[in-house]
Amino acid sequence: MKLALHGATGRMGLAVTRLAHAAPDIDIVGAVCSSVDPGQGHDIGELAGIGTLGVEATADLGAGLLGAQVVIDFSTASAVPGLLAVAARQKVAVVSGTTNLDVSGKQALEKASESVAVLWAPNMSVGVQVLAELVEQALRRLGPQFDAEIVEVHHRNKVDAPSGTARRLSDAIKLVRADARELHGRAGEVGARSNAEIAVFGVRGGDVVGDHTVYLLGPGERLELTHRATSRELFAHGALRAAHFVHNRKPGRYAIADMLGT
Ligand SMILES: NC(=O)c1ccc[n+]([C@@H]2O[C@H](COP(=O)([O-])OP(=O)(O)OC[C@H]3O[C@@H](n4cnc5c(N)ncnc54)[C@H](OP(=O)(O)O)[C@@H]3O)[C@@H](O)[C@H]2O)c1
C-alpha cells in the first residue's frame, strides 16, 4: 500500500510514520506539513527519528499525495477540506482522525466520499468504539432514571475541547436519549439537573494521552465506564488498520464500526 501522511510532522503524524515504516506491506510515498512548518524540506524519517526514508515533508498537497493510494490525516480542522478536495481529485482514499471539524469539514467528508473511500473517526481505537456500544447498551438497560455525564482528560497541549471522543460518546448517549443536549461544564446558579442534559467536563494537564469516563448515575448506584489510552501508538495502529480497510475500497463514508464489522 502506497501511503501519504497529512499533518506528517505533528505528534500523530510522526507516530504513524514510525509504525508505517516498520510495516513490510506499506510504502510511505508522501508527507504533507503546514506551510509554516520548520520541518518542511526535511526527511520525514529523520524527523521521526528512524533514519532517512527519502521522503521530504512538503507543504505542496498535490505533490505530497502524488502516487499515494491512501492518505492518513492527523492535522487541524481547517486543513481538512483542502486535503479532501485534492484527495478526491487524485483518487486517494482518506483516513482522517482530525477532530473538531465544523460544518464545512463534515460537508467536505461527504463530498469527497462520492469519489473515494473516506473513513473519519475522532478516535481510532477499537476500545473506544466498544465503549460507545457499551454505553448505548447500558443506558437502554438502565432506563430513564439514570443520568449520563462525561469526563475527558488530556495532555496540556491539546488545543480543542471537548475532545472528539467525548462528542462520539455523547452521540452514543443521544441514540438512547434523542432529546438530550450537550453542556460544556456547569457554572453559576444552573438549577437542578434536567433529564435532557449531558454535561461534558474537560480536564487538561501533563502528558495524559486520553482518558474518557462515562458516568451513568442512578438512584442508589452508579456505573463508571472508562477507557484509558496509554500510548499514542494505539491511535497510529488504528489508523493503519483503517488505511488497510479503505485501500481499494469503493467510494463512500466508512466508520470504525464498519472496519470491525459491528
Ligand atoms: N482520531 C484519533 O484517534 C486521534 C488521536 C490523537 C489525536 N487526534 C487528533 O488529530 C489531530 C492532530 O493531533 P496531534 O496531537 O498530532 O497534533 P499536532 O502535534 O499539533 O499535529 C498537527 C499537525 O498538523 C499540521 N498542520 C496544520 N495545518 C496543516 C496543513 N494545512 N497541512 C498539513 N499539515 C498541517 C500542524 O502543523 P503546524 O504545527 O505548523 O500548525 C502539525 O504539525 C488533532 O485534531 C487531534 O485532536 C485524533
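These remarks concern the structure in this document. (Residues numbered from 1 in each chain as written. Predicted model: local features only at pLDDT ≥ 70, side-chain atom pairs only at ≥ 80, totals over all residues. Heavy atoms only, no water.)

## A word on the pattern of salt bridges
And step 1. One pass over the structure, following the stated rule, counts 13 salt bridges.
And step 2. One salt bridge in this structure joins Arg193 and Glu149, with 2.7 Å as the shortest N-O distance. Remark: Glu149 occurs in strand β7 (residues 147–154) and Arg193 occurs in the loop between β8 (181–184) and β9 (197–204); sequence separation between them is 44 residues.
And step 3. Of the residues examined, Glu149 reaches a relative accessible area of 8% and is grouped as buried.
And step 4. Here Glu182 makes a salt bridge to Lys174, at a shortest N to O gap of 3.7 Å.
And step 5. One network of salt bridges, with partners in common, ties together Asp147, Glu149, Arg186, Arg193 and Glu197. (Salt bridge = Lys/Arg side-chain N within 4 Å of Asp/Glu carboxyl O. Helix = DSSP H or I, 4+ residues; strand = E, 2+ residues; numbered from the N terminus. Buried < 20%, exposed > 50% of the residue type's maximum accessible area, 1.4 Å probe, protein only.)

## Quick word on the site of the ligand
And step 1. Taken together, 25 residues lie around the ligand, and Arg11, Met12, Ser34, Thr99 and Met124 are the ones closest in.
And step 2. In this structure, Gly10 approaches the ligand through a main-chain N or O atom, which is 3.4 Å from an oxygen atom.
And step 3. The backbone of Gly97 places a nitrogen or oxygen atom 3.1 Å from a nitrogen atom of the ligand.
And step 4. In isolation the ligand has 920 Å² of accessible area, and contact with the protein removes 75% of it.
And step 5. Class assignment of the residues belonging to the shell around the ligand gives a composition of 10 nonpolar, 11 polar and 4 charged. (Near = heavy atom within 4 Å. Polar contact = N/O pair within 3.5 Å; in protein donor to acceptor, adjacent residues only side chain to side chain. Areas by Shrake-Rupley, 256 points an atom, 1.4 Å probe, with all protein chains shown as cover. Nonpolar A, V, L, I, M, F, W, Y, C, P; charged D, E, K, R; others polar.)

## Re the nonpolar core
And step 1. Core analysis: the largest hydrophobic core is formed by 39 residues, its most contacted members being Ile72, Val95, Leu119 and Met124.
And step 2. Mapped onto this core, the elements with two or more residues apiece are β1 (2–6), α1 (11–22), β2 (27–32), β4 (70–73), β5 (93–96), β6 (117–120), α8 (233–246) and α9 (256–260).
And step 3. Of the residues forming this core, the biggest block, 8 residues, is contributed by α8.
And step 4. Ignoring anything within four residues of it in the chain, the contact list for Met124 reads Phe74, Val95, Ser96, Gly97, Leu119, Phe235, Gly238, Ala239 and Ile256.
And step 5. The next biggest cluster of nonpolar side chains, apart from the first, holds 22 residues, and it includes Leu84, Val94, Leu109 and Val118. (Core = buried A, V, L, I, M, F, W, Y, C linked by side-chain atoms within 4.5 Å. Contact = heavy atoms within 4.5 Å.)

## Focus on the sheet that holds β8
And step 1. Strand order in the open sheet formed by 5 strands is β8-β9-β7-β10-β11, and the pairing between neighbours is mixed. This sheet does not close on itself; its edge strands, each paired only once, are β8 and β11 (221–229). Sheet twist, expressed as the mean angle between neighbouring strand axes with direction ignored, is 20 degrees.
And step 2. Both β7 and strand β10 (residues 210–218) contribute to a ladder of 7 bridges, which runs antiparallel. The residue bridging Val151 from the neighbouring strand is Thr213, located in β10. (Pairing = 2+ DSSP bridges. Axes fitted to C-alpha atoms, helices over the stretch in contact; angles between N-to-C directions.)

## Re the packing of helix α4 (residues 80–90) against helix α5 (residues 103–112)
And step 1. One way to put it is that α4 packs onto α5 with a least axis distance of 9 Å and a crossing angle of 10 degrees. One element, α4, and the other, α5, form an angle in the roughly parallel class. In contact with Pro81, Leu84 and Ala88 of α4, α5 contributes Ser104, Gly105, Ala108, Leu109 and Ala112.
And step 2. Considering only residue class, the contact of α4 with α5 consists of 6 nonpolar, 2 polar and no charged. (Parallel < 35°, antiparallel > 145°, perpendicular 65-115°, else oblique.)

## Brief notes about helix α7 (residues 164–174)
And step 1. Restricting attention to buried positions, one finds in α7 the residues Gly164, Thr165, Ala166, Leu169, Ser170, Ala172 and Ile173.
And step 2. Residues of α7 that are buried in the fold lie against α6 (126–142), β7, β8, β9 and β10.

## Details of a nonpolar patch on the surface
And step 1. Taken together, Val126, Val130 and Leu134 make up a surface patch of nonpolar side chains, about 200 Å² in accessible area.
And step 2. A residue is classified by how much of its surface remains accessible, and Val130, at 36% relative accessible area, is partly exposed. (Patch = residues over 30% accessible without salt bridge, like charges linked within 9 Å, V, L, I, M, F, W, Y side chains within 5 Å.)

## So, the pairing of β10
And step 1. Pairing between β10 and β11: 9 bridges, direction antiparallel. From the neighbouring strand, Gly210 faces β11, where its bridge partner is Ala229.
And step 2. Between the end of β10 and the start of β11, which pair antiparallel, lie 2 residues, with Gly220 showing a positive phi angle near 80 degrees.

These values are about where atoms sit, not about what they do.
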